[in-house]
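Remarks on the overall topology
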Amino acid sequence: MGFTIGIGSSRGTRDVRSGVRRRGRPSECTVVAEFTGLWGWAVAPGARAAAGACSCGRRDCPAPGAHPLDFAPEVPAGATLDEASQAWAGFPGAAVMLPAGRTFDVIEVAEPAGLRALARMERMGLPLGPVTATPQGRAHFFVAPGAAAELPRLLYRMGWDDPSALDLRGLGPGTYVTAPPCDRGGLGPVRWLRPPALDSATKPPAARLLLGTLAYVAHRSRA
């Protein structure tokens, strides 16, 4: 699935890898364990979608294949491979959902603008956290918690009156994002534009450090 398997230290990495060989655990469990143990993120088992129908069973599901399963408990941040395997055993094949508003918030923008902004930020040497792209054509920038609530105020202070005019949206408490490489909404996999790193996953940058560039590029993209 394209993930490095590890739990925060060289000893932990050896333990995880030997556990995979010894017990033959499904690779999806090692993916969950990486998110919980290495990056410090809680994980929720999520629904899948096929032909527009959601695996949650609701015919009127408002977000087919793009929400946590109501009856499935979260795997808490810090869970080991054994704990993740045990927790995930009852929900094989579930999508991996990450709750915003705890370790990170998300700033969402159209993917083309996000790609241009990301390249510009990298050239400028700005601090960056993980960035994903969804099959719906949206880019998700992981930033410090609190950004979603502060987004209108931060943009206003930068001279932008209306976030909706920039096609910028903040995702905070109560929202979930689908983790790569899981399918979202039956439309295809979410992918990393910038994968997590030890120096930024648990402490993503403050939104104000990236927002000026994101707003400028988003405005130029819509002009």
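Residues numbered from 1 in each chain as written. Predicted model: local features only at pLDDT ≥ 70, side-chain atom pairs only at ≥ 80, totals over all residues. Heavy atoms only, no water.

The name that an unreviewed UniProt entry assigns to the chain is DNA primase, with the source organism given as Streptomyces pactum.

This part covers the overall build of the chain. On a plain count of helices and strands, the chain comes out with 7 helices and 10 strands. Within the span of the chain, comprising 223 residues, buried residues form 47% of the whole. Excluding contacts between residues fewer than 6 apart, the proportion of contacts in the chain whose partners are at least 24 apart in sequence is 77%. Accessible surface, the chain: about 10700 Å² in total, of which carbon and sulfur atoms supply 53%. (Helix = DSSP H or I, 4+ residues; strand = E, 2+ residues; numbered from the N terminus. Buried < 20%, exposed > 50% of the residue type's maximum accessible area, 1.4 Å probe, protein only. Contact = heavy atoms within 4.5 Å. Areas by Shrake-Rupley, 256 points an atom, 1.4 Å probe, with all protein chains shown as cover.)

Let us look at the environment of L171. Note that L171 resides in strand β8 (residues 169-171). What makes L171 buried here is its relative accessible area of 6%. As for L171 and G146, which are separated by 25 residues in sequence, their C-alpha atoms are 9.5 Å apart. The residues touching L171, leaving out its near neighbours within four places in the chain, are A100, D105, V106, E108, H140, A148 and V177.

Moving on, we get to helix α7 (residues 207-222). Think of an α-helix as 3.6 residues a turn; residues three or four steps apart then line up on the same face. Counted at 1.5 Å a residue, the expected span for α7 with its 16 residues is 22 Å, and the 21 Å between its end C-alpha atoms agrees. Listed in full, the buried residues belonging to α7 are A207, L210, L211, T213, L214, A215, V217 and A218. Buried positions along α7 lie against β5 (105-110), α4 (111-124), β7 (138-143), α5 (147-157) and α6 (163-166). (Expected span 1.5 Å × (residues − 1).)

Another point: the sheet that holds strand β4 (residues 95-99). With antiparallel pairing, 3 strands are arranged side by side in an open sheet as β1-β4-β9. Two strands in the sheet have a free side with no partner beyond their single neighbour: β1 (44-46) and β9 (176-178). The mean inter-strand angle of the sheet, taken between neighbouring strand axes irrespective of direction, is 40°. When β1 meets β4, the two strands line up antiparallel, connected through 3 bridges. Counted as the bridge partner of A44 is M97 from β4. (Pairing = 2+ DSSP bridges. Axes fitted to C-alpha atoms, helices over the stretch in contact; angles between N-to-C directions.)

Quick look at the pattern of salt bridges now. Scanning the model with the defined rule gives 8 salt bridges in all. For the salt bridge of R138 with D167, the shortest nitrogen-to-oxygen distance reads 2.8 Å. Here D167 lies in the loop between α6 and β8 and R138 lies in strand β7, a separation of 29 residues in the sequence. Among the salt bridges present, the one from R153 reaches E150, with a minimum N-O distance of 3.5 Å. Taken together, the residues span about one helical turn, with R153 and E150 both in helix α5 at a distance of 3 residues. Judged by relative accessible area, which is 40%, R153 ranks as partly exposed. Bridged by salt links that share partners, the residues E108, R138, D167 and R169 form one connected network. (Salt bridge = Lys/Arg side-chain N within 4 Å of Asp/Glu carboxyl O.)

Below, the discussion takes up the packing of α5 against α7. One way to put it is that α5 packs onto α7 with a least axis distance of 11 Å and a crossing angle of 55°. Comparing the axis directions of α5 and α7 gives the class oblique. The way α5 lies across α7 gives a crossing that is right-handed. Touching A147, L151, L154 and L155 of α5 are A207, R208, L211 and A215, all from α7. A per-class count over the contact of α5 with α7 returns 7 nonpolar, no polar and 1 charged. (Parallel < 35°, antiparallel > 145°, perpendicular 65-115°, else oblique. Left-handed = near helix turned anticlockwise from the far one by under 90°. Nonpolar A, V, L, I, M, F, W, Y, C, P; charged D, E, K, R; others polar.)

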